[in-house]
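# Close look at the chain arrangement
Each chain is listed here by its residues.
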Protein chains: 2
Amino acid sequence: MNSDMLVRITRYYRALNRLRSIGLEKVFAHNLADAAGVSAAIVRKDFSQLEIHGQKRGGYEILDLIGRLGAILGKGEPQNVIVIGCGRIGKALMHYSGFEPDGIRMVAGFDTDPVVYAEASNPIPVYPMSRLEEVVEAMNVKVAIITVPESATADCYQRLIDADIRGILNFSPVTLKPQIIDGHLSPVVHNINIALELEQIFYELQYPKEATARDES
Amino acid sequence: MNSDMLVRITRYYRALNRLRSIGLEKVFAHNLADAAGVSAAIVRKDFSQLEIHGQKRGGYEILDLIGRLGAILGKGEPQNVIVIGCGRIGKALMHYSGFEPDGIRMVAGFDTDPVVYAEASNPIPVYPMSRLEEVVEAMNVKVAIITVPESATADCYQRLIDADIRGILNFSPVTLKPQIIDGHLSPVVHNINIALELEQIFYELQYPKEATARDES
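Fair warning: this is a prediction, and the values are worked out from it, not measured in the lab.

## Concerning helix 3 (residues 40-49) of chain B
Residue and element names in this part refer to chain B. Inspection of helix 3 places Ala 40, Val 43, Asp 46 and Phe 47 among the buried residues, and these make up the whole buried set. Within helix 3, the buried residues cover an arc of 120 degrees as seen down the axis, which keeps them to one side. Counted as exposed and oriented over 90 degrees from the buried face of helix 3: Lys 45 and Gln 49. In this fold, the buried residues of helix 3 make contact with helix 1 (3-21), helix 2 (29-36), strand 2 (60-61) and helix 4 (62-73).

Following this line, the structure appears as structure tokens:
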């Protein structure tokens, strides 16, 4: 499966859980198309490639689709996530309730500042970095979000690797590069650089990109 | 210029400003390579394509490079940005100081909740949505960050388009789609869906991608 298709599948999955939460039982390709920002034809093509067939005129059973797409996405496994660096952005992520419908649970925060551990407003426990290995093992955590300052990023990255963290979502402006181990990238790293996204938007305003066929989907 | 190269140029530009801020005058390809997470060969290839030549053994003049790359990136123009939705994530972005080295200025926040306008801790002014057009025009704002709840996203998007905002960085889980006007996408939209990034990381842990030649750069 290519990464565009994976993005669409995760969007379909997310939309299905929401539709189910408001009491719907069936869904049509165009509903999922709206939710994923693609055309209904692409939804049908994706489902046909996954050998998922709807009923004529009747659409798809939501529960059935959630089960099939969930199996593809590895749902059922615990999707526990920790936040490293409990500054403003880290705290905002710790409080964000939008992950639950996707089965993602923020289970702990880590910080080097003892003042942060004791704050009554923390929605999840916050631990000193010295307890990283212990908590990661106890809660079977494989994925971490990095929201530490730029100067602390490289150290933090190495500590996460040592603690056997396999996936990292990095909000620090330092681009983290995984190693190549047995032909695969390890850990899996997604870098989100907010300043860079804004830069690119300003650039695209100055030099507009031509819209492609894909943009019309 | 393709988008990979643009990302690299913005990273070089950012690194150059930092190196200058600590007093350096010259830079070598491998310094920029480290900062951008690529090889020195790629830096040299990019510069050669842009017809930027260093001195033999002497590297590049930092000020000269900042000027040339800045011109390519459209620096000099005001890069004022507003934040729509001053919840936890919006506030974290309003307080984030990491944009200034890139010439990006957060100039105002907007919210529908009057309680937010009056908070003494706001680092930049926060206005009611009814003043959007007025402030955007007065401050010559072209780019907005959306951090409103999912249910408010579609309305907010239309209001920004009506206020002549041309670029949007969208943190809402609703995927915003631009229109195609004269063959170009309008407004320029970058969607950052944090839950989706985490989903993809979990998926890649389950089905590892093969590392490509590009990953070795």
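## Here we look at the sheet that holds strand 10 (residues 188-191) of chain B
Residues and elements named next belong to chain B. Spatially, the six strands line up as an open sheet ordered 5-4-3-6-7-10, and their pairing is parallel. Edge positions in the sheet fall to strand 5 (126-128) and strand 10, since each of these pairs with one other strand and no more. The mean inter-strand angle of the sheet, taken between neighbouring strand axes irrespective of direction, is 25 degrees. Both strand 4 (residues 104-111) and strand 5 contribute to a ladder of three bridges, which runs parallel. Bridging from a neighbouring strand, Asp 111 pairs with Pro 128 of strand 5.

## Side note on empty space enclosed by the protein
In this approach a probe as big as a water molecule rolls over the atoms, and the regions it shows empty are the leftover space. Summed over all chains, the structure comprises one cavity of 30 Å³ or more. Considering only enclosed or pocket space, the largest cavity measures out at about 80 Å³ in volume. For the lining of the largest cavity, the secondary structure elements donating two or more residues are helix 5 (88-95) of chain A together with helix 5 (88-95) of chain B. Looking at side-chain class alone, the lining of the largest cavity contains ten nonpolar, no polar and no charged residues.

## Thoughts on the relation of the copies chain B and chain A
Superposition of chain B onto chain A requires a rotation of 180 degrees combined with a translation of 0.0 Å along the rotation axis, giving an RMSD of 0.0 Å. What the rotation and shift describe, once combined, is the action of a two-fold rotation axis. Proximity to the rotation axis, assessed at the C-alpha, singles out Ile 89 of chain B in chain B; its C-alpha lies 3.2 Å from the axis.

## Quick look at unusual backbone geometry
The omega torsion across Ser 186 of chain A and Pro 187 of chain A is -10 degrees, close enough to zero to call that bond cis. Assignment of secondary structure puts Pro 187 of chain A in the loop between strand 9 (184-186) and strand 10 (188-191). Of note in this structure, Asp 182 of chain A is not a glycine but carries a positive phi near 50 degrees. Relative to the assigned elements, Asp 182 of chain A resides in the loop between strand 8 (179-181) and strand 9. In this structure Asp 182 of chain A comes out as exposed when scored by relative accessible area, which is 75%. Here the phi dihedral of Glu 51 of chain B falls at roughly 60 degrees; this positive angle occurs in a residue that is not glycine. One can find Glu 51 of chain B in the loop between helix 3 and strand 2. A relative accessible area of 59% places Glu 51 of chain B in the exposed class.

## A few points about the interface of chain B and chain A
In this complex, chain B contributes 69 residues to the contact, which on the side of chain A involves 69 residues. Taking both sides of the interface into account, the surface hidden between chain B and chain A amounts to around 6400 Å²; carbon and sulfur atoms contribute 68%. Looking only at chain B, the three residues that lose the most surface to chain A are Glu 199, Phe 202 and Tyr 203 of chain B, adding up to 11% of its buried area. Counting every contact that joins chain B to chain A gives zero salt bridges. In this structure, the connection of chain B to chain A is made through ten residue pairs in polar contact (both at pLDDT 80 or more).

## Quick look at the environment of Cys 86 of chain A
Residues and elements named next belong to chain A. Residue placement: Cys 86 occurs in the loop between strand 3 (79-84) and helix 5. Considered as a pair, Cys 86 and Gly 109 are 23 residues apart in the sequence and their alpha carbons are 6.5 Å apart. In this structure, Cys 86 is in contact with Lys 91, Met 94, Gly 109, Phe 110, Asp 111, Val 116 and Val 126, ignoring residues within four places of it in sequence.

## Here's the deal with the nonpolar core
The biggest cluster of nonpolar side chains holds 44 residues, and the ones touching the most others in it are Met 106 and Leu 198 of chain A together with Met 106 and Leu 198 of chain B. Those residues in contact with Met 106 of chain A, other than ones at most four positions away along the chain, are Val 81, Val 83, Leu 93, Phe 99, Ile 124 and Ile 145 of chain A together with Leu 198 of chain B.

## Quick notes on the confidence of the model for chain A
Mean pLDDT for chain A: 87, with 95% of residues reaching 70 or above. Scored as a complex, the prediction yields pTM 0.78 and ipTM 0.78.

## Digging into the sheet that holds strand 7 (residues 167-170) of chain A
Residues and elements named next belong to chain A. Taken together, six strands build an open sheet; the order of strands is 5-4-3-6-7-10 and the sheet is parallel. Among the strands making up the open sheet, the edge pair consists of strand 5 (126-128) and strand 10. Strand-to-strand twist across the sheet, computed as the mean angle between neighbouring axes with direction ignored, equals 25 degrees. Pairing of strand 6 (residues 143-146) with strand 7 involves four bridges; the strand directions are parallel. Counterpart to Ala 144 in the pairing with strand 7 is Ile 168. Packing of helix 8 (residues 153-162) onto the sheet brings it into contact with strand 3, strand 6, strand 7 and strand 10, and relative to strand 6 it is tilted by some 175 degrees.

Rules and cut-offs
- Sequence positions are assigned chain by chain, starting from 1 and proceeding in written order.
- For this description, chains carry letters from A and ligands carry numbers from 1, given in the order in which they are written.
- This being a predicted model, a pLDDT of at least 70 is required before a residue's local features are given, and a value of 80 or more before pairs of side-chain atoms are given or counted; all residues contribute to the totals for chains, interfaces and linings.
- To get the side-chain values, take all heavy atoms of the structure and skip hydrogens and water.
- Note on classification: 1.4 Å probe, protein chains only; a residue is buried when its accessible area is under 20% of the maximum for its type, exposed when over 50%, partly exposed between these limits.
- Per the convention used, a helix needs a DSSP run of H or I reaching at least four residues, while a strand needs a run of E reaching at least two, with both numbered from the N terminus.
- When we speak of the arc, we mean the arc of directions from the helix axis to the C-beta atoms.
- In what follows, a contact means two residues having at least one pair of non-hydrogen atoms within 4.5 Å.
- We call two strands paired when DSSP finds no fewer than two bridges between them.
- Note on geometry: axes are C-alpha line fits, over the in-contact stretch for helices, and angles between N-to-C directions span 0 to 180 degrees.
- Cavities and pockets are defined on a 1 Å grid built over the protein atoms alone: a cavity is a set of grid points where a 1.4 Å probe fits but cannot escape, while a pocket is an open set with protein on both sides within 12 Å along at least five of seven lines, and lining residues are those with an atom within 4 Å of any such point.
- Grid points are joined across faces, edges and corners, and a volume is the space filled by probe spheres set on the points.
- Side-chain classes follow a simple rule in which Ala, Val, Leu, Ile, Met, Phe, Trp, Tyr, Cys and Pro form the nonpolar group, Asp, Glu, Lys and Arg form the charged group, and the remainder, Gly included, forms the polar group.
- Superposition of the copies used a least-squares fit over C-alpha atoms from residues whose pLDDT is at least 70 in both.
- For any pair of parts, buried area is found by adding up, for both, the accessible area (1.4 Å probe) each one loses once the two are put together.
- Each salt bridge in this description consists of a side-chain nitrogen of Lys or Arg and a carboxyl oxygen of Asp or Glu lying within 4 Å of one another.
- Polar contact is defined as a pair of N or O atoms within 3.5 Å, subject to the rule that within protein one atom must be able to donate a hydrogen and the other to accept it, and that residues adjacent in sequence are counted only when both atoms are side-chain atoms.
- Buried Ala, Val, Leu, Ile, Met, Phe, Trp, Tyr and Cys residues that are joined via side-chain atoms within 4.5 Å together make up what is termed a nonpolar core.
- One number per residue, pLDDT, summarises how confident the predictor is, and it ranges from 0 to 100.

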